[in-house]
Amino acid sequence: MAIIKTTDKDWLDFQSAVKELKEYFLSLSARKGRALTYNVLTYGCQLNESDSEKLSGMLSAMGLIPSSGGELDDADVILFNTCSIRENADRHLFGNLGVFKTLKKKDPDVIIAVCGCMMKVPENVAKIKKSYPYVDLVFDPQQLHRLPLLLRDSIRSKKQLVNIAADDYIAEDSFFPIDRKRKFRALVPIMYGCNNFCTYCIVPYARGRERSRDFGEIVRELEDLASKGYKEVMLLGQNVNSYKGEDGKTFADILRAASDFEEFSRVRFMSSHPKDISDEVIDIMATRPNVEKHLHLAMQSGSDRILKAMNRPYTISRFLEIADTFRSRVEGGSLTTDIIVGFPGETEEDFQQTLRAVEKAKFDAAFTFQYSARPGTKAAAFEDQIPADIVTDRFGRLTEYTNRYAEESNSRLAGKTMEVLIEGISKAGDMTFSGRTITNHLVNFTIPEELGIDPGPDNLEGRLCEVRIDRARPYSVDGVLVSLRGA
Ligand code: SF4
């Protein structure tokens, strides 16, 4: 398995395929007497969201327009960008693929394609070949940059095309037309893949070996984003702290370079691994005003025995040491985590150690998961799988703990006036807006009429404001806008 950087020839092939498809879709649109649309269905993490912005950008470059946005919208090109982390991800894909069977029967010109991490699991590809013959194209996340070529070949062949790469590619963002979903926030992958092989995780098999983007390319992209008025950048990677750029550039160098752009109100990053997080990165978080004061550090278990079985090379005391360093250096910093319960072999004592660790770390929020065996992972073959009722019981007890500390964290904001980056209309509806503090606390707030502020999303998204917090909830806080900063 090699790591292959895209070449100028790849770029020329890309261009000619886009040109050919543009002509094809133009004549199809003329024949149908309407504009042609695409629908990219995205499952999973922010790296998948970022990939989908590139998939949408390429389909737009072929002359297609996005469908009206409903998940199961009919469209002329329907592309599933899949996730393989959670059990229900499979059910979701195959359930939704079934929905589009009638559409394909009604209009054979419709193109259905599937990509993303699930396509790196051979069982899933075999299932599509056997049971979903109306799927036109199947490819993997490593070949995102080859979508135009693969689409062209599947249209020419009029047969189902399955192309799963053995090698790991790296295509710089400058290779792609990108349709960014939010006009104030930009997702910026800095590296792909993972070399950690946690025994419960499919990512190293789905996303391949770690490969870092070119430091210079990343800085050019950040410069372009700053000049276009983006206010928040999210630096992405399965493990951003193991970034290795040319000339020995590290993640700390990326973080500094990003925070040097004063245009950015917020520089955020995801995900960090306890084995690689450095004091240098924590110091940058403490000293650079526009770098988030929030660290998401996956603990997964509080038992050293289980961490070993998960192939996570740190001890719980080392993890808590990092948590203390972060809390002592980053004033008011928030620490969040991921925890899995019910990992094979987990005893009640192991679970108690997880609860003890949560008590010590007092996480500001925790994403808690019930272990599910994923095909293709080492742990799926471990003998001592835990019965579902025990897993559910532990999950319930764990979330009681994590919810208590999350609510305590939110309660500490009550009565304070916090700086909030506005994200838009809140899901809570009723004329409330939402945004996040620099510590990543979710704030839902109202705008008093007497302030005479135009509540239009175009006016507010991406702007900084001050909000007086007057109520804490388990996963968010409520407040009232006090003042709005200049655009
Ligand atoms: S660090 Fe572990 S859990 Fe995270 S992506 Fe890599 S293998 Fe998966």
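Residues numbered from 1 in each chain as written. Predicted model: local features only at pLDDT ≥ 70, side-chain atom pairs only at ≥ 80, totals over all residues. Heavy atoms only, no water.

Trainee: Break down the overall build of the protein for me, citing the residues and quoting the values.
Mentor: When helices and strands are tallied, the protein shows 15 helices and 21 strands. Relative to the globule expectation of 23 Å for 487 residues, the C-alpha radius of gyration of the protein, 23 Å, shows essentially globular dimensions. Principal-axis analysis of the C-alpha atoms gives the protein an extent of 65 × 60 × 50 Å. Burial analysis of the protein (487 residues in total) assigns 55% to the buried set. Contacts in the protein between residues far apart in sequence, at least 24 positions, make up 74% of those at least 6 positions apart. Of the roughly 20900 Å² that the protein leaves accessible, carbon and sulfur atoms contribute 53%. Between the mean site of the 66 positive side-chain charges and the mean site of the 72 negative ones, the protein shows a separation of 4 Å. (Helix = DSSP H or I, 4+ residues; strand = E, 2+ residues; numbered from the N terminus. Rg over C-alpha atoms; globule rule 2.2 N^0.38 Å. Buried < 20%, exposed > 50% of the residue type's maximum accessible area, 1.4 Å probe, protein only. Contact = heavy atoms within 4.5 Å. Areas by Shrake-Rupley, 256 points an atom, 1.4 Å probe, with all protein chains shown as cover. Lys, Arg positive; Asp, Glu negative; His and termini not counted. Charge placed at Lys NZ, Arg CZ, Asp CG, Glu CD.)

Trainee: Give a detailed account of the packing of helix α9 (residues 251-259) against helix α10 (residues 279-287), specifying residues and quantitative values.
Mentor: At a closest axis distance of 9 Å, the pairing of α9 and α10 adopts a crossing angle of 15°. Relative to α10, α9 is oriented roughly parallel. Two packed elements cross with a definite hand, and for α9 against α10 that hand is left-handed. In this structure, α9 uses Phe251, Ala252, Leu255 and Arg256 to contact α10, whose residues at the interface are Glu280, Val281 and Ile284. (Axes fitted to C-alpha atoms, helices over the stretch in contact; angles between N-to-C directions. Parallel < 35°, antiparallel > 145°, perpendicular 65-115°, else oblique. Left-handed = near helix turned anticlockwise from the far one by under 90°.)

Trainee: Could you give me a rundown of helix α12 (residues 316-329), with the residues and numbers involved?
Mentor: Every α-helical turn comprises 3.6 residues, leaving residues that sit three or four positions apart pointing alike. The terminal C-alpha atoms of α12, which comprises 14 residues, lie 20 Å apart, in line with the 20 Å expected from a rise of 1.5 Å per residue. Among all positions in α12, only Ile316, Phe319, Leu320, Ile322, Ala323, Thr325 and Phe326 are buried. Close packing links the buried residues of α12 with α10, β14 (294-296), α11 (304-309), β15 (334-341) and α13 (348-361). (Expected span 1.5 Å × (residues − 1).)

Trainee: Outline the domain arrangement of the protein, listing residues and values.
Mentor: In terms of domain boundaries, the protein breaks down into domain 1 (3-170), domain 2 (182-292), domain 3 (296-412) and domain 4 (417-484). Using C-alpha coordinates to define each centre, domain 2 is positioned 27 Å away from domain 4. Contact with domain 2, which involves 13 residues of that partner, is made by 14 residues of domain 4. Of all residues in domain 2, Lys183, Phe184 and Arg266 bury the most surface against domain 4, accounting for 53% of the area lost on that side. For the pair domain 2 and domain 4, the interface holds 4 salt bridges. Our count for the domain 2 to domain 4 interface comes out at 5 residue pairs in polar contact (both at pLDDT 80 or more). A per-class count over the side of domain 2 that touches domain 4 returns 3 nonpolar, 2 polar and 8 charged. (Domains from an automatic or database assignment. Buried area = accessible area lost by both parts, 1.4 Å probe. Salt bridge = Lys/Arg side-chain N within 4 Å of Asp/Glu carboxyl O. Polar contact = N/O pair within 3.5 Å; in protein donor to acceptor, adjacent residues only side chain to side chain. Nonpolar A, V, L, I, M, F, W, Y, C, P; charged D, E, K, R; others polar.)

Trainee: I'd like to hear about the sheet that holds strand β17 (residues 417-425), residue by residue, with values.
Mentor: Sheet architecture is closed into a barrel: 5 strands sit in the order β17-β18-β19-β21-β20, paired in mixed fashion. Ignoring strand direction, the axes of neighbouring strands in this sheet form an average angle of 55°. Where strand β20 (residues 464-472) and strand β21 (residues 477-484) come together, 7 bridges link them in antiparallel fashion. Within the sheet, the bridge partner assigned to Ile469 lies in β21 and is Gly479. (Pairing = 2+ DSSP bridges.)

Trainee: Give me the lowdown on the nonpolar core, citing residues and values where you can.
Mentor: One finds Ile190, Leu222, Leu235, Phe251, Leu255, Phe264 and Phe269 to be the most contacted residues of the largest nonpolar core, which totals 67 residues. Sequence-distant contacts of Phe264, defined by excluding residues within four places in its chain, comprise Leu222, Leu225, Ala226, Tyr230, Lys231, Val233, Ala258 and Asn290. Membership of the second largest hydrophobic core comes to 28 residues, among which are Phe14, Val18, Ala113 and Ile155. (Core = buried A, V, L, I, M, F, W, Y, C linked by side-chain atoms within 4.5 Å.)

Trainee: Kindly report on the sheet that holds strand β12 (residues 232-236), identifying the contributing residues and their values.
Mentor: Pairing is parallel across the open sheet formed by 3 strands, whose spatial order is β9-β12-β13. Looking at which strands have only one partner, the edges of the open sheet turn out to be β9 (185-189) and β13 (266-270). Mean inter-strand twist for the sheet, computed between neighbouring axes without regard to direction, equals 20°. Sheet topology note: the β12/β13 ladder contains 5 bridges and is parallel. Bridging from a neighbouring strand, Glu232 pairs with Arg266 of β13. Where helix α2 (residues 46-61) meets the sheet, it contacts β9, β12 and β13, and its direction lies at approximately 100° from that of β9.

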